[in-house]
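Coordinate analysis (summary)
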Amino acid sequence: PTPPGPTPTGDYYVSTSGSDSNPGTSSQPFKTISKGISVAGAGDTVIIKAGTYRETLNFPSSKSGTASNPIVIMGENYGSVIVDGDYNLGRLLLSTGADYVNIKNIIFREGKPGTLGYDDAVVALKASGTDKSTGWLIEDVTIEDNAGPGLGVSDTQSVVINRVLAQRNVQA
């Protein structure tokens, strides 16, 4: 069969009741946020329906938007989408050089990064060699109850952080 192409609106949907073999539409959503990220390109939005997701969101340098068309990863409603590491997953979000990504309306909790240094925060934006993470927006996000630093931003450019609550993140 032919793999599903982009939806007409440039939006992809994710739901805990979906399937990663679905086309990512509102009526046939993906199951994982990672699948949405893997198919999203510049100007696309991944809309995450309410629920708890146990996965790590990875953004390599090849997964980038543009200044005028960022990739948007957003919870459908504030406070209803949780990326939960259950203290078994390390980082919950990692960018190693991806550009122009917006993260909105997501709670990141119970991550447990490995070495627990500044660069090993649960939500980490950093460079991969000379490829910096540029043009990120993190907005209306909560980072809480993690066994390590909550948010780490290093060797990046033009990162905007709005209305982010970081609480109860501790060094183990």
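What you see is a predicted model; the values in this text were computed from it and never measured. One numbering rule holds for all chains: residues counted from 1, following each sequence as written. Residue-level local features of this predicted model are given only where pLDDT is at least 70; pairs of side-chain atoms are given and counted only at 80 or more, and the full residue set underlies all totals for whole chains, interfaces and linings. Side-chain calculation: all heavy atoms of the structure are included, whereas hydrogens and water are not.

Secondary structure elements follow DSSP: runs of H or I no shorter than four residues count as helices, runs of E no shorter than two count as strands, and numbering proceeds from the N terminus. From N to C terminus, the chain includes one helix and 13 strands. Evaluated residue by residue, the chain yields a buried proportion of 48% over its 172 residues. Here, two residues are considered to be in contact whenever any of their heavy atoms come within 4.5 Å of each other. Contacts spanning at least 24 positions in sequence make up 68% of the contacts within the chain whose residues lie at least 6 apart. Summing over all exposed atoms, the chain offers an accessible surface of approximately 7,600 Å²; the carbon and sulfur share of this is 49%. For every residue, the accessible area (1.4 Å probe, protein chains only) is compared with the maximum for its type, and the residue is labelled buried under 20%, exposed over 50%, or partly exposed between those bounds. Reported accessibility uses the Shrake-Rupley method at a 1.4 Å probe radius. Residues are deemed covered only where the shown protein chains occlude them.

This part takes up the confidence of the model for the chain. On average, residues of the chain score 86 in pLDDT, and 87% of them are at 70 or above. Confidence, expressed as mean pLDDT per element, reaches its minimum in the chain at strand β10 (residues 123–126) with 78 and its maximum at strand β2 (residues 45–48) with 98. When the criterion is pLDDT under 50, residues 1–8 qualifies, and its contacts beyond four places in sequence or with other chains add up to eight contacts. pLDDT gives the predictor's per-residue confidence on a scale running from 0 to 100.

Bringing the sheet that holds strand β4 (residues 57–60) into the picture now. Spatial strand order, β4-β7-β10-β12: four strands in an open sheet with parallel pairing. Of all the strands in the sheet, the pair left with one neighbour each is β4 and β12 (151–153). The mean angle between the axes of side-by-side strands here comes to 5°, regardless of whether they run parallel or antiparallel. Strands qualify as paired when DSSP identifies two bridges or more between them. Pairing analysis gives four bridges linking strand β7 (residues 93–96) to β10, with the strands arranged parallel. Paired with Leu93 across the two strands is Val123, which belongs to β10. Lines fitted to the C-alpha atoms define the axes, with helices restricted to the stretch that makes contact. Angles between their N-to-C directions range from 0 to 180 degrees.

Within a regular strand, the side chains alternate between the two sheet faces. One ladder, built from four bridges, connects β4 with β7; its direction is parallel. Bridge pairing links Pro60 to Thr96 in β7.

This next bit is on the packing of aromatic side chains. Note on aromatic pairs: the rings of Phe, Tyr and Trp (six-membered ring only in Trp) are paired at centre separations within 6.5 Å, and the planes decide the class, stacked below 30 degrees, edge-to-face beyond 60, tilted for the rest. Inspection of the entire model under this criterion finds two aromatic pairs. Between the aromatic rings of Tyr12 and Phe30, the centroid separation amounts to 6.0 Å while the plane-to-plane angle is 20°, which identifies the pairing as stacked. Here Tyr12 is found in strand β1 (residues 11–14), whereas its partner Phe30 is found in the loop between β1 and α1 (33–39), with 18 residues between them in sequence. Phe30 matches Tyr12 in its accessibility class, with the two residues each being buried. An angle of 85° between the planes, with centres 5.3 Å apart, marks the rings of Phe59 and Trp136 as edge-to-face. Of the two residues, Phe59 sits in strand β4 while Trp136 sits in the loop between β10 and β11 (137–144), which places them 77 residues apart along the sequence. For the pair formed by Phe59 and Trp136, the shared burial category is buried.

Moving on, we come to the pairing of β10. Burial along β10 is two-sided: Val123 and Leu125 facing one way and Ala124 and Lys126 facing the other are all buried. The pairing of β10 with β12 spans three bridges and is classified as parallel. Counted as the bridge partner of Ala124 is Gly152 from β12.

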